[in-house]
Amino acid sequence: MSIDVRPATVFEDVRAVLGPKSAGANVCWCLSYRIPSKLNKELRGPARGEYVAELCHQDPPPGVLAYDGGEPVGWAAVAPRSDTSFARNRKIPHIDDLPVWSLWCVRVRPGHRKQGISHALIAGAVEFARAHGAPAIEAYPLDNGDARVDLTMAYAGLRKNFERAGFTYAAATTSVLAGHPRVLMRLDLAG
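Note that the structure is a prediction, hence the values are computed from the model and not measured.

Q: An account of the packing of aromatic side chains is needed here, citing residue identities and associated values.
A: Enumeration over the complete set of coordinates arrives at six aromatic pairs. With a centroid separation of 4.7 Å and an interplanar angle of 20°, the aromatic rings of Tyr33 and Phe86 are classed as stacked. With Tyr33 in the loop between helix H1 (11–18) and helix H2 (37–42) and Phe86 in the loop between strand S3 (71–80) and strand S4 (101–108), this residue pair connects regions lying 53 residues apart in the sequence. The exposure class assigned to Tyr33 is buried, which follows from its relative accessible area of 18%. Given the relative accessible area of 1%, Phe86 is considered buried. With a centroid separation of 6.0 Å and an interplanar angle of 75°, the aromatic rings of Trp101 and Phe128 are classed as edge-to-face. In this pair, Trp101 is assigned in strand S4 and Phe128 in helix H4 (residues 117–131), connecting sequence segments 27 residues apart. Classification of Phe128 as buried rests on a relative accessible area of 5%.

Q: Can you explain the pattern of salt bridges? Please cite residues and give values.
A: Using the criterion set out here, one finds ten salt bridges in the structure. A salt bridge links Arg81 to Glu138, with the nearest nitrogen and oxygen atoms 3.4 Å apart. A residue pair is termed long-range when its members are at least 10 positions apart, and Arg81 in the loop between S3 and S4 and Glu138 in strand S5 (residues 136–139) qualify at 57 residues. In this pair, the class of Arg81 matches that of Glu138, namely buried. Note that Arg186 and Asp96 form a salt bridge whose closest N and O atoms lie 2.9 Å from each other. Residue Arg186 is found in strand S7 (residues 180–188), and its partner Asp96 is found in the loop between S3 and S4; the two are separated by 90 residues along the sequence. For Arg186, a relative accessible area of 11% puts it in the buried group. Among the charged side chains, a salt-bridge network with shared partners connects Arg81, Asp96, Glu138 and Arg186.

Conventions used here
Residues numbered from 1 in each chain as written. Predicted model: local features only at pLDDT ≥ 70, side-chain atom pairs only at ≥ 80, totals over all residues. Heavy atoms only, no water. Phe/Tyr/Trp six-rings, centres within 6.5 Å; stacked < 30°, edge-to-face > 60°. Helix = DSSP H or I, 4+ residues; strand = E, 2+ residues; numbered from the N terminus. Buried < 20%, exposed > 50% of the residue type's maximum accessible area, 1.4 Å probe, protein only. Salt bridge = Lys/Arg side-chain N within 4 Å of Asp/Glu carboxyl O.

The structure is reproduced here in C-alpha cells:
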C-alpha cells in the first residue's frame, strides 16, 4: 500500500473524510479550533461544510489529506497557530514567540485504520508546514501511555505517534481529553 499525502484543496475529498452521513447534520468539520467560538456556534448544518469548502480554495488550504490510490482515507488539520484558537488557549502554553504551526487533528476513515495512515498524515503535515515556511510545528496529543483511547476522542493524536515522527515533549498542559492529559510536542523545522 502506498499512501500519498497532499494539500487539502479538493473539498469533495475533505467531505469524504470529515463530512456527515446526512447533509444537514452538525459535525465538527475540524472547525472547532480553527475559528472563533462564536462563529463555531453560529455555523450550523450545511453552513459548516460550505465554510470548509471556502477554506479549501485558500492558500494555504486547511490541512492535508492521505490517499490510498485515488481514495481519500485520512485528514490532518495544520495551520499557523496564530490562525487558530491555540493562539489564545489558556490550557496550552506558548513556550516561545516563534510563529509556529499547529497540528491538532489526525483522522483516519473507518476501514483504513491500523495501516500506518496516521503516521503518513503526521509526516505530510510536517512537510506541508515546512513548505509554507513554518519554523516549527506543534501538536497537542493525548499522553495515554498504554491506555486505550476512545476513537472519537483520539483526533488529537497520541504522544507515541508524534515521538515516532521526531517530535519531542516541550511542555505540560492543563488540557484533558477523554480522561487523558494532553502534552505539547514540538518539532523544529529550521535548517
